[in-house]
Structure formats: structure tokens, C-alpha cells
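# Notes for the structure review
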Amino acid sequence: MEGEKWGRRIRAFRKLKGYTQEGFAREIGVSVSLLGEVERGNRNPSEAFLLEVAEILHISIEELQPPEEK
């Protein structure tokens, strides 16, 4: 469940910044299939992965983090 939230956020920010899945995967140095797995919530992103995503997108990790459910 948590992976799904991260994946949706990553996909939304990636699209907002104009990256295709292929181009973004190349930028962060992972395969398209790995990025797809993370975006679909089938794989939990590592901390290093999240830091790289935030850096490439020029956003903070706090911005990328899914909002807390109340």
C-alpha cells in the first residue's frame, strides 16, 4: 500500500516535469521496467532511489513524500 502511494507521487511529478518513463529511467540510472514497477506500486522504492528521483526532479524529498492519512 505504501509503495503505491510513492509510485503515484513519482509518476505525477515525473509527468509534471515533462519526462517520459524511458527518459526518466535513463536519467536516474534504472531500467524502465524497474521504474514501472515502482510507479505501479509493485515494488517499494529504496531510500537511495527516492533521493535520486527528488534530485533529478529538483524537488525536496518532503514534497515527494505522500501526504499522511488522517
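You'll find the structure just up there.
Everything numeric here is computed off the predicted structure, so don't read it as measured data. (Residues numbered from 1 in each chain as written. Predicted model: local features only at pLDDT ≥ 70, side-chain atom pairs only at ≥ 80, totals over all residues. Heavy atoms only, no water.)

This brings us to the environment of Arg-11. Considering the arrangement of structural elements, one finds Arg-11 in helix 1 (residues 2–16). Residue classification places Arg-11 among the partly exposed residues on the basis of a relative accessible area of 27%. A C-alpha to C-alpha distance of 9.1 Å links Arg-11 and Val-38, two positions 27 residues apart in sequence. Residues contacting Arg-11, with those up to four places away along its chain left out, are Glu-39 and Arg-40. (Helix = DSSP H or I, 4+ residues; strand = E, 2+ residues; numbered from the N terminus. Buried < 20%, exposed > 50% of the residue type's maximum accessible area, 1.4 Å probe, protein only. Contact = heavy atoms within 4.5 Å.)

Our focus in this paragraph is the packing of aromatic side chains. The final tally for this structure, using the stated rule, is one aromatic pair. Considering the side-chain rings of Tyr-19 and Phe-24, the 5.1 Å spacing of their centres and the 55° angle between planes classify their relative orientation as tilted. Accessibility expressed as a relative area gives 0% for Phe-24, which makes it buried. (Phe/Tyr/Trp six-rings, centres within 6.5 Å; stacked < 30°, edge-to-face > 60°.)

With that settled, consider the packing of helix 1 against helix 4 (residues 47–57). It is the contact of helix 1 with helix 4, at a shortest axis distance of 11 Å, that shows an interaxial angle of 20°. With respect to each other, helix 1 and helix 4 are oriented roughly parallel. Between helix 1 and helix 4 lies a crossing whose hand is left-handed. Between helix 1 and helix 4, the residues in contact are Trp-6, Ile-10, Phe-13 and Arg-14 and Phe-49, Leu-50, Val-53 and Leu-57, respectively. The residue inventory of the contact of helix 1 with helix 4, partitioned by class, reads seven nonpolar, no polar and one charged. (Axes fitted to C-alpha atoms, helices over the stretch in contact; angles between N-to-C directions. Parallel < 35°, antiparallel > 145°, perpendicular 65-115°, else oblique. Left-handed = near helix turned anticlockwise from the far one by under 90°. Nonpolar A, V, L, I, M, F, W, Y, C, P; charged D, E, K, R; others polar.)

Turning our eyes to something else, we now look at the nonpolar core. By size, the foremost hydrophobic cluster in this structure holds 16 residues, and its most contacted members are Ile-10, Phe-24, Ile-28, Leu-35, Phe-49, Val-53 and Leu-64. For this core, the elements supplying multiple residues, two or more each, are helix 1, helix 2 (21–28), helix 3 (32–40) and helix 4. When residues in this core are grouped by element, the largest group, six residues, is from helix 4. Those residues in contact with Ile-28, other than ones at most four positions away along the chain, are Leu-35, Phe-49, Glu-52, Val-53 and Ile-56. (Core = buried A, V, L, I, M, F, W, Y, C linked by side-chain atoms within 4.5 Å.)

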